[in-house]
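# Topology and contacts: notes
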Amino acid sequence: MKRFLPLLILALLAAASILLAQSPNQATLRLPAGDKPVSMTTQNGQPYFAADEVVTALGGTIARDANGFRVTVGTSVAAFAPDSRFGVIRDDLIEMPAPPVVIDGKPYVNWQFFQGFLSRASDQEVLWDGSTRVLTIRPQQHNAVGVQVSVANIQGISKTVITLTAPTDYQIIKEQGAYTVRFKAPIRAPFVEQAFEDANVAKVVFAGNDLKIVLTAEDVAGDAYKLDNPFRIILDLRKGAVAPLGVVPPSGPQKPVDLPGIHTIVIDPGHGGKEVGAIGPGGLMEKDATLAVCRKLADALSNKLKARVVLTRTDDSVVSLDQRTAIANQYHADLFLSVHMNAAIVKGAKGSETYFLSADASDELAKKAAETENASAKAAQQPAGASDLKLILWDLAQQEYLSESSQLAKSIQVELNGVTGVTGRGVKQAPFKVLVGATMPAALVEVAFITNPEEEAKINSAEFQNVVVDALTRAVEKYKTEYETRIGVIQPAPAAPVAPATTTTPKATTTTAPATTTTAAATRTGT
Amino acid sequence: MRKTAVVVLLLALVAGACKKKQLSTNLNVENKVAVRSVTLYFEAPDMLLAAETRNVALPENHAGAMSAVVRELFKGSANTSIPRIFPGDTVVRGAYLLPDGTAFVDLGGATLTNGWGTGSHEELMATYSVVQTITTNFPETKRVRILINGTPAETLAGHINIGRALTPNAAYVR
């Protein structure tokens, strides 16, 4: 027995060292400065990393308080709590596949926390390779061009906007029932395939450097052009258009002419498709009532104000809230009006309300979206990289829009009070999603309460709809005159006639459109 | 005897080294319950949110207490003539507070999941009844973010932006 004891001890030590080596509690943290060991654990198949070790390696700190942990790297701060799979950075969420865990007082998080934090805080990316147990944190690889696609159906034309993170050469090829956009640079798409609920565009498929727009019918075709800042390729696709197969020659960009005053108005009929909105006790759906009123309103505004009027939807289709604002921004609208019917649990609720955006509802994300949708001449003149200046200008512009939106809302409410005979509800502010990010005066009108049987019956009648349309047209016309007088496009009327013989009618003076006006811009000269 | 002791000691050392570390997540560590007076906000006949207080047994941990308070809110007003704002099938999946003062309230239920068809006013009252109730009862909460089925959502019913955390707004309260 004595002879075998050293052997037994050796065997036990060897077994222990093998078991320890296989114990899954260490990984390698790969940083540009070099490799470091990092503690990790696996819970329910999810890899977790010691947050304090990773944060310290990044030169940051981690602090605990009553509710969770606060991570600081440089000037960026993120927070997470052990009972939530969402962390937070500024106003943004960091989603993790599972909530963090605390082991012996140390917080462990999934690598997705660092991915969410560092991609926003310091333009770094985080990669986890489970086979080699290496957690890599490195600067974002920017050689691939990011691509995003949106489709908005505007008066039967499917405006397909391909937004790229950097300019790149491309070729558009017309195929049977599809268009292929072939990029020279490698592209990074957010999806392999995306379906659209659209009359002309069925889906978009990414394969290699190709983006294929699959159409709903053979006779769908259209024009393509590009816009800069940010770089966008736009295809206006419609039914009944004929296009030969093969490479599509590029056409000139259709930049709207920047004239002061109100020339383009976007009217937004609330809801649509499966998003029916509120339903009245008699079964009237908000989506149908808003479309009926908005169609009439578009005609009235177009005829009376000679403005270009764009509807965000012309049929019973689903249009996302972001898309509605994006349409207004892409058309460089001078005014945006969203039309809704109200609902309340309180019996007998009646009357109109007009909303504009609450002051704190606009945010950094909205700014980014608006920059993408509306590369206005003003924004284009900003020097590249002047992000602080851009943010200040954005804030100033938002303040101006809010002030103008308030005037627009007041003008609408005054006219609608006369229609419904209810004056108590008035102008209000609320964080309406459809108004966030609109880069123009914008308001949302609640015409009447569809939940009130009397008002539902009125809303459903052509007579009442016509009265509402007249009131809204008067309101927009008044606001337009006031606004254009404020900015000096229209000369203010003389204070009082000195003598009847010398009185002149106030004359509208409009800026002449440049020679390069497109069809849409040409309508502006008739103001 | 000494040999046996050495072997046992070694085995104990090896076993100790291989032992999995004990987890101690701080979620619901202590489920102590205390009766507290809570303030709930319901829509009054004048179409503004009005406060109503009642005594509710609440767990001491934040996550449990916040969920319990929102569940109490969803039960509706003690005044039976005041209808409930949220759809009857709405459930509270969870709630928690982050260190920066952002409370998350995770809601679910068939109506919110499939699309709630209602107008702006009712949605505004519903959204802010939660925001007002949470921030009033948990003063360390500065803002409230509403999630649907554990994920961020744009709106509850197509109008009011819940894509970001909301702060209480006195304009909606009586």
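About the cut-offs
- Residues numbered from 1 in each chain as written.
- Chains lettered and ligands numbered in written order.
- Predicted model: local features only at pLDDT ≥ 70, side-chain atom pairs only at ≥ 80, totals over all residues.
- Heavy atoms only, no water.
- Helix = DSSP H or I, 4+ residues; strand = E, 2+ residues; numbered from the N terminus.
- Buried < 20%, exposed > 50% of the residue type's maximum accessible area, 1.4 Å probe, protein only.
- Contact = heavy atoms within 4.5 Å.
- Areas by Shrake-Rupley, 256 points an atom, 1.4 Å probe, with all protein chains shown as cover.
- Pairing = 2+ DSSP bridges.
- Core = buried A, V, L, I, M, F, W, Y, C linked by side-chain atoms within 4.5 Å.
- Axes fitted to C-alpha atoms, helices over the stretch in contact; angles between N-to-C directions.
- Parallel < 35°, antiparallel > 145°, perpendicular 65-115°, else oblique.
- Left-handed = near helix turned anticlockwise from the far one by under 90°.
- Nonpolar A, V, L, I, M, F, W, Y, C, P; charged D, E, K, R; others polar.
- Polar contact = N/O pair within 3.5 Å; in protein donor to acceptor, adjacent residues only side chain to side chain.
- Phe/Tyr/Trp six-rings, centres within 6.5 Å; stacked < 30°, edge-to-face > 60°.
- Lys NZ or Arg CZ within 6 Å of the ring centre and 35° of its normal.
- pLDDT = per-residue confidence, 0-100.
- Salt bridge = Lys/Arg side-chain N within 4 Å of Asp/Glu carboxyl O.

## Some remarks on the overall build of chain A
Counting its secondary structure elements, chain A contains 11 helices and 29 strands. When the 527 residues of chain A are sorted by exposure, 50% land in the buried category. Considering only intrachain contacts with a sequence separation of at least 6, the fraction spanning at least 24 residues in chain A is 64%. Approximately 24100 Å² of chain A is accessible, and the part contributed by carbon and sulfur atoms is 56%.

## With respect to the pairing of strand 4 (residues 61-64) of chain A
Looking at chain direction, strand 4 of chain A and strand 5 (residues 69-73) of chain A are connected through 4 bridges and run antiparallel. Its bridge partner lying in strand 5 of chain A, Thr61(A) is registered against Thr72(A).

## Section: unusual backbone geometry
Phi angles above zero are rare outside glycine, and Asp123(A) is one such case at about 55°. The residue Asp123(A) is located in the loop between helix 3 (111-121) and strand 11 (124-129) in this model. Here Asn149(B), not a glycine, exhibits a phi torsion of approximately 55°, which is positive. Tracing the backbone shows Asn149(B) in the loop between strand 5 (143-148) and strand 6 (151-152). Judged by relative accessible area, which is 30%, Asn149(B) ranks as partly exposed.

## Thoughts on the nonpolar core
Leu107(B), Val130(B) and Ile134(B) are the most contacted members of the largest nonpolar core, which has 74 residues in total. With sequence-adjacent residues up to four places away left out, Val130(B) is seen in contact with Leu73(B), Phe74(B), Phe86(B), Val105(B), Val144(B) and Ile146(B). If you look at the next biggest cluster of nonpolar residues, it comprises 39 residues, including Leu337(A), Leu416(A), Val447(A) and Tyr479(A).

## A word on the environment of Met40(A)
Along the polypeptide, Met40(A) turns up in strand 2 (residues 34-43). Each C-alpha atom, one on Met40(A) and one on Thr28(A), is 9.5 Å from the other, the two residues being 12 residues apart in sequence.

## Some remarks on the packing of helix 4 (residues 286-305) of chain A against helix 10 (residues 462-486) of chain A
Residues and elements named next belong to chain A. Where helix 4 meets helix 10, the closest approach of the two axes is 9 Å, and the angle between their N-to-C directions is 45°. With respect to helix 10, the element helix 4 is oriented oblique. Crossing hand, helix 4 versus helix 10: right-handed. Residue-level contacts link Ala292, Val293, Lys296, Leu297, Ala300, Leu301, Lys304 and Leu305 of helix 4 to Ala462, Gln465, Asn466, Val468, Val469, Leu472, Thr473, Val476, Glu477 and Lys480 of helix 10. Of the residues belonging to the contact of helix 4 with helix 10, the class tally is 11 nonpolar, 3 polar and 4 charged.

## Quick look at the side chain of Ser317(A)
Residue and element names in this part refer to chain A. Of note, Ser317 is situated in the loop between strand 25 (308-311) and helix 5 (321-330). A polar contact is formed between the side chain of Ser317 and the side chain of Asp315, at a distance of 2.6 Å. The contact partners of Ser317, leaving out residues within four places of it in the chain, are His271, Gly272 and Gly273.

## Notes on the packing of aromatic side chains
All names here are of chain A. This model, assessed by the stated rule, comprises 12 aromatic pairs over all chains. Cluster of aromatic residues (ring-pair linked, three or more members): Phe69, Phe80, Phe113, Phe114 and Phe117. Directly above the ring of Tyr179 sits Lys174, whose terminal nitrogen or CZ lies 5.0 Å from the centroid.

## Looking at the sheet that holds strand 10 (residues 106-109) of chain A
Pairing between sheet strands relies on hydrogen bonds along the backbone, with the strands arranged either parallel or antiparallel. Residue and element names in this part refer to chain A. Strand order across the open sheet formed by 7 strands is 9-10-3-2-1-12-11, with mixed pairing between neighbours. Of all strands in the sheet, those bounded by a partner on one side alone are strand 9 (101-103) and strand 11. In this sheet, neighbouring strand axes are inclined to one another by 35° on average, regardless of whether the strands run parallel or antiparallel. When strand 9 meets strand 10, the two strands line up antiparallel, connected through 3 bridges. Across the sheet, Ile103 pairs through a bridge with Lys106, a residue of strand 10. The strands touched by helix 3 are strand 3 (46-50), strand 10, strand 11 and strand 12 (134-139); relative to strand 11, the strand with the most contacts, the crossing angle is about 165°.

## Considering the confidence of the model for chain B
All names here are of chain B. Averaged over all residues, the pLDDT of chain B equals 84, while 82% of them reach at least 70. Taken element by element, the predicted model of chain B shows its lowest mean pLDDT in helix 1 (residues 2-18) (46) and its highest in helix 4 (residues 120-137) (97). Here residues 6-30 is a poorly scored stretch, pLDDT under 50, and it has 24 contacts once near neighbours within four places are set aside; other chains count. Here the prediction assigns the complex a pTM of 0.66, and the interface score ipTM is 0.82.

## Re the confidence of the model for chain A
Residue and element names in this part refer to chain A. The share of residues in chain A with pLDDT of 70 or more is 77%, and the mean pLDDT across the chain is 80. Low pLDDT (under 50) marks residues 252-257, which in the prediction has 14 contacts with non-local residues, meaning those over four places away or in another chain. Every residue in residues 498-527 scores below 50 in pLDDT, and together they form 28 contacts with partners more than four places removed in sequence or on other chains.

## Here we look at the pattern of salt bridges
Residue and element names in this part refer to chain B. With the rule as written, the count across this model stands at 24 salt bridges over all chains. Between Glu72 and Arg54 there is a salt bridge, with its nearest N and O atoms 3.1 Å apart. You can see Glu72 sitting in helix 2 (residues 62-74) and its partner Arg54 sitting in strand 2 (residues 49-59), a full 18 residues away along the chain. On the basis of relative accessibility, which here comes to 11%, the residue Glu72 falls in the buried class.

## What to know about the packing of helix 2 of chain B against helix 4 of chain B
Each pair of packed helices gets described by two things: the angle between the helix axes and the distance between those axes. Residue and element names in this part refer to chain B. Orientation of helix 2 relative to helix 4, taken along the N-to-C sense of each, is 135°, at an axis distance of 10 Å. When the interaxial angle is binned, helix 2 and helix 4 end up oblique. Crossing of helix 2 over helix 4 shows right-handed handedness. Side by side, helix 2 and helix 4 meet where Met66, Val69, Val70, Leu73 and Phe74 of the first sit next to Ser129, Val130, Thr133, Ile134 and Asn137 of the second. Residue composition of the contact of helix 2 with helix 4, by class: 7 nonpolar, 3 polar and no charged.

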